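# Observations on chain architecture
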Amino acid sequence: MAMTPLLTISQLKYGVRFTQMNVRVVHKWSRPEFSSKNNKDDKKKIDAIELLFVDSKSNVACGSGTYMGPTRMQTRGPVVVRVAVGPSKGRSSDGNGVVLTEEAKEGVIEVSDKSTVVSGGVEDVYGEDSATEDQIVTPWALSVASARTDLHIFFLLSGYSLLRDPRHNKGLAFTEKERDAHYLRGLLPPTVVSQPLQVKKMIHNIRQYDVPLQKYVAMMDLQEMNEKLFYRLLIDNVEELLPVVYTPTVGEACQKYGCIFKQPQGLFISLNEKGRVLEVLKNWPEKHIQVIVVTDGERILGLGDLGCQGMGIPVGKLALYTALGGIRPSACLPVTIDVGTNNEELLKDEFYIGLRQRRATGQEYAELMDEFMTAAKQMYGEKVLIQFEDFANHNAFDLLSKYGSTHLVFNDDIQGTASVVLSGLIASQKLLGKSLADHTYLFLGAGEAGTGIAELIALEISKQTNTPLEEARKKIWLVDSKGLIVNSRKESLQHFKKPWAHDHEPTKGLFNAVKALKPTVLIGSSGVGRTFTKEVVEAMAAFNERPVILALSNPTSQSECTAKEAYTWSKGQAIFASGSPFDPVEYEAKTYTPGQSNNAYIFPGLGLGLIISGAIRVHDDMLLAAWKTNRVEVVLLLEAPFLDMVSARMVAEALAAQVTEEHLAKGLLYPPFKDIRKISAQIAASVAAKAYELGLATRLPQPENLVKYAESCMYSPSYRPYR
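In short, a report on the structure.

Conventions we followed
Residues numbered from 1 in each chain as written. Predicted model: local features only at pLDDT ≥ 70, side-chain atom pairs only at ≥ 80, totals over all residues. Heavy atoms only, no water. Helix = DSSP H or I, 4+ residues; strand = E, 2+ residues; numbered from the N terminus. Buried < 20%, exposed > 50% of the residue type's maximum accessible area, 1.4 Å probe, protein only. Contact = heavy atoms within 4.5 Å. Areas by Shrake-Rupley, 256 points an atom, 1.4 Å probe, with all protein chains shown as cover. Pairing = 2+ DSSP bridges. Axes fitted to C-alpha atoms, helices over the stretch in contact; angles between N-to-C directions. Parallel < 35°, antiparallel > 145°, perpendicular 65-115°, else oblique. Arc of directions from axis to C-beta. Polar contact = N/O pair within 3.5 Å; in protein donor to acceptor, adjacent residues only side chain to side chain. Phe/Tyr/Trp six-rings, centres within 6.5 Å; stacked < 30°, edge-to-face > 60°. Lys NZ or Arg CZ within 6 Å of the ring centre and 35° of its normal. Right-handed = clockwise from strand over helix to strand, strands pointing away. Salt bridge = Lys/Arg side-chain N within 4 Å of Asp/Glu carboxyl O. Left-handed = near helix turned anticlockwise from the far one by under 90°.

We now examine the overall build of the chain. For the chain, the count of helices and strands is 25 helices and 22 strands. Counting across all 723 residues of the chain, residues that qualify as buried make up 59%. Taking the intrachain contacts of the chain between residues at least 6 apart in sequence as the baseline, contacts between residues at least 24 apart amount to 71%. Looking at the chain as shown, the accessible area adds up to about 29,900 Å², and 50% of this sits on carbon and sulfur atoms.

Turning to the sheet that holds strand S15 (residues 476–480), a few remarks are in order. In spatial order, the strands read S16-S15-S14-S17-S18-S19-S22; together these 7 strands make up an open sheet with mixed pairing. In this open sheet, the two edge strands, each paired with only one partner strand, are strand S16 (483–484) and strand S22 (595–596). Two strands pair when backbone bridges link them, and strand S14 (residues 441–444) and strand S17 (residues 521–524) are joined in this way by 4 bridges, in the parallel orientation. Residue pairing in the sheet places Leu-444 in a bridge with Gly-524 of S17. Contacting S14, S17, strand S18 (548–551) and strand S19 (575–578), helix H15 (residues 412–432) runs over the sheet at an angle of about 155° to S18. Where helix H16 (residues 448–465) meets the sheet, its contacts fall on S14, S15 and S17, and the angle it forms with S14 comes to roughly 165°.

With that settled, the discussion passes to the packing of helix H5 (residues 212–225) against helix H6 (residues 227–236). Following both chains from N to C, one finds H5 and H6 inclined at 135°, their axes separated by 5 Å at the closest point. Relative to H6, H5 is oriented oblique. Contact residues: H5 offers Met-219, Met-220, Leu-222, Gln-223 and Met-225, while H6 offers Glu-227, Leu-229, Phe-230, Tyr-231 and Leu-233.

Among all positions of helix H25 (residues 706–713), only Leu-706, Ala-710 and Cys-713 are buried. Along the long axis of H25, the arc covered by the buried residues comes to 65°, so they all point the same way. Turned more than 90 degrees away from the buried face of H25 sit Lys-708 and Ser-712, all of them exposed. Lining the buried residues of H25 we find helix H21 (603–613) and helix H24 (676–693). With a side-chain oxygen lying 3.1 Å from the backbone nitrogen of Val-707, the N-terminal cap of H25 falls on Asn-705.

A separate point is the packing of aromatic side chains. Scanning the entire structure with this criterion turns up 13 aromatic pairs. Of the aromatic side chains, those joined through ring pairs into one cluster are Tyr-567, Phe-576, Phe-582 and Tyr-592. The side chain of Lys-170 reaches across the aromatic face of Tyr-722, ending 4.2 Å from its centre. Directly above the aromatic system of Trp-500 lies the positively charged group of Arg-473, at a separation of 5.6 Å from the ring centroid.

Here strand S13 (residues 408–411) shows no split at all, with Leu-408 and Phe-410 on one side and Val-409 and Asn-411 on the other all buried. Alignment of strand S12 (residues 385–388) against S13, held across 4 bridges, turns out to be parallel. Across the sheet, residue Phe-388 finds its bridge partner in S13, namely Asn-411. Each parallel crossover has a hand, and the one from S12 via helix H14 (residues 393–403) to S13 is right-handed.

With that settled, the discussion passes to the sheet that holds strand S9 (residues 267–270). In any sheet, the strands associate via hydrogen bonds between backbone groups, in a parallel or an antiparallel arrangement. The strand order across the open sheet built from 5 strands is S9-S11-S10-S12-S13, with neighbouring strands paired in parallel fashion. Because the sheet does not close on itself, it has two edges, and the strands there are S9 and S13. When strand polarity is set aside, the average angle formed by the axes of neighbouring strands in this sheet is 25°. In this structure, strand S10 (residues 291–295) lies alongside S12, joined through 4 bridges in parallel fashion.

What follows is about the side chain of Asn-237. By the element assignment, Asn-237 lies in the loop between H6 and helix H7 (238–245). Discounting residues that sit within four places of it in the chain, Asn-237 has contacts with Val-199, Ile-203 and Arg-207.

What follows is about the environment of Ile-611. Summarising the element assignment, Ile-611 is placed in helix H21. As for Ile-611 and Ala-688, which are separated by 77 residues in sequence, their C-alpha atoms are 8.3 Å apart.

Quick look at the pattern of salt bridges now. Considering all chains together, one arrives at 27 salt bridges under this definition. Ionic pairing is found between Lys-690 and Glu-693, a salt bridge with its closest N-O pair at 3.1 Å. Taken as a pair, Lys-690 and Glu-693 lie in helix H24 at a separation of 3 residues, close to a single helical turn. Salt bridges here are not isolated pairs; linked through shared partners, they connect Arg-299, Asp-390, Asp-413 and Glu-448.

Helices that pack against each other are described as a pair by the angle of their axes relative to one another and the distance between those axes. Viewed as axis vectors pointing N to C, helix H13 (residues 362–380) and H14 meet at an angle of 45°, and their least axial separation amounts to 12 Å. What the angle tells us is that H13 and H14 run oblique. As H13 runs across H14, the sense of the crossing is right-handed. Contacts between H13 and H14 pair Tyr-365, Met-369, Asp-370 and Met-373 from the former with Asn-395, Leu-399, Lys-402 and Tyr-403 from the latter.

Here you go:
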């Protein structure tokens, strides 16, 4: 083979497809002092093999490394090859390579094709989360593995490539010693700063922007440049930045995603990849995935069908899984299933990044989704959590029902929203002195969120009063686009609306329904803005001394009313919360602080609890575990898709328990987000405890203190010193 310089690390990582490479042995030797990874006392000789990676078509060398282990690798997990790369000492023209000569001896390493990656536990692939902040770690970067051999290549980053790697980049925080060890001299200004000073600088810069979308883009740029700094900034300023990285700003980001898209943050699986989904999953560089958030973009927040541009939702959700729930970023995978869009504006938009066709339905849609679900389980194991996000009603219920018994799945719109709303209602009991059964509930919106919330409230009323579920449902009324849902409409209703059809004369419009039913709690989940009009709010205040008004639709533009409107029109009587954040309101010399009914209180802790226990299913009692009360639990058996609605009650009360008298005095139905990591740890511990109790946990033995264990498993974005 002719002498060929190695490619740079960035070229190896982004420019080489390992599916087209052969592995050749350059040199092989044995050293008795090496011991096997699984048995520290094993002093048998271990082979050390210098490897040469060769392009199978051109026969040109394009990488090298060293493998330590047996030459016939019959392992259960993937084979790991670590490649240390430093400055060239040969005739390579670049600064990160080594010249290889034609003296290389050819040979083949045998790799088992039966290797599988089983994920779901707390796996610290890079070795940095298991280290304390004082312990030294090595900045390894994982390259895309061979789709055929499970050969995982880890490159030791240095020089310019290290500064370009978001997981390991520290910017100006690299120490003098690290700059020497990793060839950074001259690539950075001479000053060395601390991470807290970097955070101070970044939050100052973010605050200079007046437009929320500009702040969003700046945060995403930071995430792609310095991952740890991004999460440290978000954690330390969560109340200020949560509306930037998620709702309401993420809605505008999705609408304009084609314009602001720079580089992929997740996987796009379209109809073009049908029949090759597993191959697409193997293109993602991380192999130890524990949480997937997937959307098909058909119902993004209250904005409708945004097609492929709905990717902003999985990206944002997983950022919160990490910042609020402590799931490490490398274990998170955002996915968008692109089956087209029915949004005519997007189809005509020259900057639209998705398939330019009408949305596929029926068998074609179902086959692609089934292929994805099967491939995800095959690739990442049965313990990978798959969260369905912003699917249209007709698909959301079907997917949860279809895969609930075979996969670890969760629908945040149905189950997460229901839990957080129930939590707010439980907290409001302390203000009103009423039980849930004393209220009459009226919903505007009868989709997946509305019916999910309604079912959970009915379950809790049934539990508290020991009455049949059907009887409890009679306290809850729903209004959809055609008016009040009543028995005379039952034949034409979708299946998930039928339980809410009660005896009443047909009634058109929300205001007429409010006048007829005189509800004490008004909940909006319609996705249509400004539908809680002045006459509706005034009517609620006329019937009730303290009406509960929850305007849940996102983003802010789609909220049923603003906080100012609710407090002003009700003359300060309303107990108000919303899906998107609103500023405090001054009314008649009194300050009213609106609560935010945000799913971010729920899903990060739920995900962490499932992961630390190694759960393989979301059982109908599992989330109930977060409840931790002294009362006797009543287990209600339900038919899908509400199999998991019972479970959501526990998470709801675990959250409500965090609301103090001080919070209630300010009108807050939810605890401040500054304490969200502690809340997530409590929820995670309760969910994990129930998983162990039900025999669904696979990570044994059970830790003695699950709260401390949950906290210890949380990802920390603090910098680690490098060798």
